Amino acid sequence: MNQHRMKTTRIAIAVLLGALGAASAIPAYAETEVEALKRELAEQRALIEKLLAAQNTQKEAIEKIETRATQAPAQASAQAPAQAGSNVVSLPKGLSLYGTLDVNLANTNSGYGGKTTVGSGGMTASSIGLKGEKEVLSGVRAIGEVEIGIDLSTGVAGNGPNTNGINNTVVSSGGFLGNGNQLFSRQAYAGLASDTYGQITLGRQYTASYLAAAIDGTAFGPGFYGSSVTFLPIIGGMPTRVNNAIVYRSPSFSGFYAYATYTAGSENNVNETIVSGTSRVTDSSGSGWDLGLFYRSKTLTAALTAWDVYNASFAENETGLAKKKGWQAVVNYDFGPVKLYGNYVSGRITGGNYENITKTMSKADGWGLSLKVPFGNHSILAGYTRVDDKSLLNRDGSLVGIAYTYKLYDATWLYVNYGKQINNSNASYSLMNGGDLVGNVAKPGYNPSGVMMGLNTKF
C-alpha cells in the first residue's frame, strides 16, 4: 500500500514538474516572437529613412537646377532653344513687362483713290513697356515706367518714321507723338506712391485731359476710325504727353480724385529769344499746366479738365509764343445693355499773332457722342463727333464711325471698323485711327473714308 502510494506520489511529482517545465517555456517562446517583430520593424524603419534620404537628395538637386536656371537665363537659352511658352527671362521682383500688339489690313481713300495698307495701330497703338515698384518705407513705394511705341508693319520703334510712303505723313493722335531721338516716346517716369497721400512722378507722362478724352470720353477708346480722341484734341492744342513733367495724383475720396500736371517745357536755360532753325524759342517754350478732377463709381464716370500751356516755338513773323488754353467735360454711364459716352471741349490758341501767321485753327468748340453695346464676347460701337471752328478760317468738320469687336481670348480681340471724316469746303482733316501714319487729304472739302479689320492682343 505504501509502495503504491509512493509510486503515485512520484508520478504526480513528475507530472507537476513536466507541467512547470512547459509553463516556463511559454514566456521564452513569446519573447522570441516579440523580438522578431521588433527586428522587422527596425528594418522597415531603416528602409523608410533610406527612401526619405534619397528623396531629399533628389529635391535638393532639382532646387539647384532651378536656381541655376533663374540666375543665368541667358546662358540657359544660349545652350538650348527655348520651348514654346517657357519663361526664358526672369524679371526681378516688382518688375513687370507688358505690351499691346495690333495689326490690321485697311483700305482708305484720301482723295487719291482707294489704297490698301498694313497697319499697326487700328484699335490701339502697339507698344511695349516695363513697369516696376518696390516698398522703400512703410506704406511708401518707389514706382517707375518706360514705354516704347512700335510699328509692326515696318519694325520701327520709338519715335517712328517721319514718312511711310509719299503721302502718309500724319501720325494719329494715339501713335508715336515723339520727336527727335526719343526711344521711349510714350512714357518714361519715376517717383513715389502712397495709398494715403497719393503719388508724385517726374518724367514724360500723359496729361489728365488726354486720359479723360481717350479712356472716359469715347466708346472707341484711343483708336478706331471714328474715335473722338483722334479729332477733338486739336481744339485748343490739348496736351497729350508732355516732357519734363511733374504729375501728382491724389488718393480717391468717395470716388473723387485729382490729377495735376506741370511741365517745365523745353527747359531752355536762357532768358531771351533764340533762333532755332526756322523757329524761335524762349525759356518758357512748352511750359504750362494741366489739371483734371475725376469721379468714378460702378456705373458713372465724370471728369472736368483744363490746360494752359505755351507753344514750343513761334515762327519768324510771330511776335512771341502763343498760349494753348482750353477745358473739357467728360461723362459716361453704364446702363447695362448699353454704355453711353459724351465729351465737350472748348479751347483757343492766342497771342503772338498766331492765327494770322500760322493759318491754323485758333478758336473752336467740339463735342462727341458714342455708345457701346456688349453681348457676350461681342460688342458694337458707334459714334459721332463735331468740331466747330470759330476762327476766321471756318474749318468745320464731323467724324462718324462704327466698329464690331469679338473677344477671341483673354485680352485678345478681332475687329472690323468703318469711319468717315466729313470736311467743309475749307477743311482738310485726315481720317485717323489708333496709331498708324495716315494719308493726307488731297484737297480741302474732300471727305476721306476707310475700312479695316485687325487683331489686337495685350500681354
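Computed from a predicted model, the values in this text were never measured in an experiment.

Parameters and conventions
Residues numbered from 1 in each chain as written. Predicted model: local features only at pLDDT ≥ 70, side-chain atom pairs only at ≥ 80, totals over all residues. Heavy atoms only, no water. Helix = DSSP H or I, 4+ residues; strand = E, 2+ residues; numbered from the N terminus. Buried < 20%, exposed > 50% of the residue type's maximum accessible area, 1.4 Å probe, protein only. Contact = heavy atoms within 4.5 Å. Areas by Shrake-Rupley, 256 points an atom, 1.4 Å probe, with all protein chains shown as cover. Patch = residues over 30% accessible without salt bridge, like charges linked within 9 Å, V, L, I, M, F, W, Y side chains within 5 Å. Salt bridge = Lys/Arg side-chain N within 4 Å of Asp/Glu carboxyl O. Core = buried A, V, L, I, M, F, W, Y, C linked by side-chain atoms within 4.5 Å. pLDDT = per-residue confidence, 0-100. Pairing = 2+ DSSP bridges. Phe/Tyr/Trp six-rings, centres within 6.5 Å; stacked < 30°, edge-to-face > 60°. Polar contact = N/O pair within 3.5 Å; in protein donor to acceptor, adjacent residues only side chain to side chain.

Enquirer: What should I look at first to understand the overall build of the protein chain in this one?
Expert: Check the secondary structure of the protein chain and you find four helices and 23 strands. The buried share of the protein chain, reckoned over its 459 residues, is 38%. In the protein chain, the share of contacts with a sequence separation of at least 24, taken over all contacts with a separation of at least 6, comes to 60%. Accessible surface computed for the protein chain: about 25,300 Å², of which carbon and sulfur atoms make up 59%.

Enquirer: Looking at this structure, I do not really get a nonpolar patch on the surface. What am I missing?
Expert: Where nonpolar side chains cluster on the molecular surface, the patch consists of Leu-105, Val-118, Val-373, Phe-375, Ile-380, Ile-402, Tyr-404, Val-416, Tyr-418, Val-451 and Met-453 and spans about 930 Å² of accessible area. Within the secondary structure, Val-373 sits in strand S18 (residues 363-375).

Enquirer: Any chance you could explain the nonpolar core here in plain terms?
Expert: Burial of nonpolar side chains together is a common tendency in soluble globular proteins. Within the largest apolar cluster, 31 residues are counted, with the highest numbers of intra-cluster contacts made by Phe-224, Ile-235, Val-345, Leu-381, Val-387 and Met-452. Within the residue set of this core, elements represented by two or more residues are helix H3 (208-216), strand S17 (339-350), strand S19 (378-389), strand S20 (397-409) and strand S21 (412-423). Of all the elements, H3 adds the most residues to this core, at three residues. Filtering out sequence-adjacent residues up to four positions away, Ile-235 remains in contact with Trp-307, Val-345, Ser-346, Gly-347, Met-361, Ala-364, Asp-365, Gly-366 and Val-387.

Enquirer: Before we go on, may I ask you to explain the environment of Ile-148 in this structure?
Expert: On the secondary structure map, Ile-148 appears in strand S4 (residues 140-151). Judged by its relative accessible area of 14%, Ile-148 is buried. Residues in contact with Ile-148, not counting those within four places in the same chain, are Ser-126, Ser-127, Ile-128, Ala-157, Gly-158, Leu-183, Phe-184 and Arg-186.

Enquirer: Can you help me understand the confidence of the model for the protein chain in this one?
Expert: Any segment with low pLDDT has predicted coordinates that should not be analysed in fine detail. Taken over all residues, the pLDDT of the protein chain has a mean of 85, while the share at 70 or more is 79%. In this model residues 12-31 is a low-confidence stretch, pLDDT under 50, and it forms zero contacts with partners more than four residues away in sequence or in other chains.

Enquirer: Which parts of the structure should I look at to understand the pattern of salt bridges?
Expert: If the charged atoms of two oppositely charged side chains come close together, the side chains can form a pair. Taken as a whole and assessed by the stated rule, the structure comprises seven salt bridges. A salt bridge links Asp-216 to Arg-296; its shortest N-O distance comes to 3.0 Å. Of this pair, Asp-216 sits in helix H3 while Arg-296 sits in strand S13 (residues 288-296), placing them 80 residues apart in sequence. Classification of Asp-216 by relative accessible area gives buried; the value is 3%. By sharing partners, the salt bridges in this structure join Glu-133, Arg-141 and Asp-195 into a single network.

Enquirer: Is there a simple way to explain the pairing of strand S16 (residues 323-334) in this structure?
Expert: Two faces belong to every sheet, and in a regular strand the side chains alternate between them. Bridge analysis of strand S14 (residues 300-310) against S16 gives eleven bridges, and the strand direction is antiparallel. Following the sheet pairing, Thr-305 is matched in S16 by Gln-328. Examined bridge by bridge, S16 and S17 share twelve bridges and lie antiparallel to one another. Paired with Lys-325 across the two strands is Arg-348, which belongs to S17.

Enquirer: Is there a simple way to think about the packing of aromatic side chains in this case?
Expert: Any aromatic ring pair is given by two values, namely how distant the centres are and how the planes are angled relative to each other. Applying the stated rule across the entire model yields nine aromatic pairs. Their ring planes at 45° and their centres at 5.5 Å tell us that Trp-327 and Tyr-344 sit as a pair that is tilted. Taken together, the positions of Trp-327 in strand S16 and Tyr-344 in strand S17 put the pair 17 residues apart, joining distant regions of the chain. The class of Trp-327 is partly exposed, set by a relative accessible area of 40%.

Enquirer: Can you help me understand the sheet that holds strand S12 (residues 279-281) in this one?
Expert: Read across the open sheet, the three strands follow the order S11-S12-S15; overall the sheet is antiparallel. The sheet is open, and its two borders are formed by strand S11 (274-276) and strand S15 (314-315), each paired with just one other strand. Sheet analysis places S12 next to S15, joined by two bridges and oriented antiparallel. When the sheet's bridge partners are listed, Arg-280 is paired in S15 with Phe-314.

Enquirer: For this particular structure, what's the right way to read the pairing of strand S3 (residues 127-137)?
Expert: The pairing of strand S1 (residues 95-109) with S3 spans six bridges and is classified as antiparallel. Across the sheet, residue Thr-100 finds its bridge partner in S3, namely Ser-127. Pairing analysis gives ten bridges linking S3 to S4, with the strands arranged antiparallel. When the sheet's bridge partners are listed, Lys-134 is paired in S4 with Ala-142. Linking S3 to S4, which pair antiparallel, is a turn of two residues; within it Gly-139 sits at a positive phi near 80°.

Enquirer: Please clarify how the environment of Gly-435 should be interpreted in this entry.
Expert: Along the polypeptide, Gly-435 turns up in the loop between S21 and strand S22 (437-439). Separated by 313 residues in sequence, Gly-435 and Gly-122 have C-alpha atoms that sit 6.6 Å apart.

Enquirer: It is not clear to me how unusual backbone geometry should be interpreted in this structure. Could you clarify?
Expert: A negative phi angle characterises most non-glycine residues, just as the trans form characterises most peptide bonds. Of note, the phi angle at Phe-224 is positive, near 75°, even though the residue is not glycine. Considering the arrangement of structural elements, one finds Phe-224 in the loop between H3 and strand S9 (241-249). Residue Ala-411 is not a glycine yet carries a positive backbone phi of 60°. Relative to the helices and strands, Ala-411 is located in the loop between S20 and S21.

Enquirer: What's the story with the side chain of Gln-205 in this structure? I'm lost.
Expert: Along the chain, the position of Gln-205 falls in strand S8 (residues 198-206). Only 3.2 Å separates the side chain of Gln-205 from the backbone oxygen of Ala-245, close enough to count as a polar contact.

Enquirer: Looking at this structure, I do not really get H3. What am I missing?
Expert: Along an α-helix, residues three or four positions apart point the same way, because every turn accommodates 3.6 residues. With seven of nine residues buried, H3 lies mostly within the body of the structure. When H3 is considered as a whole, its buried residues turn out to be Ala-208, Ser-209, Tyr-210, Ala-212, Ala-213, Ala-214 and Asp-216. Looking at the buried side of H3, the elements it contacts are S8, strand S10 (256-263), S13, S14, S16 and S17.

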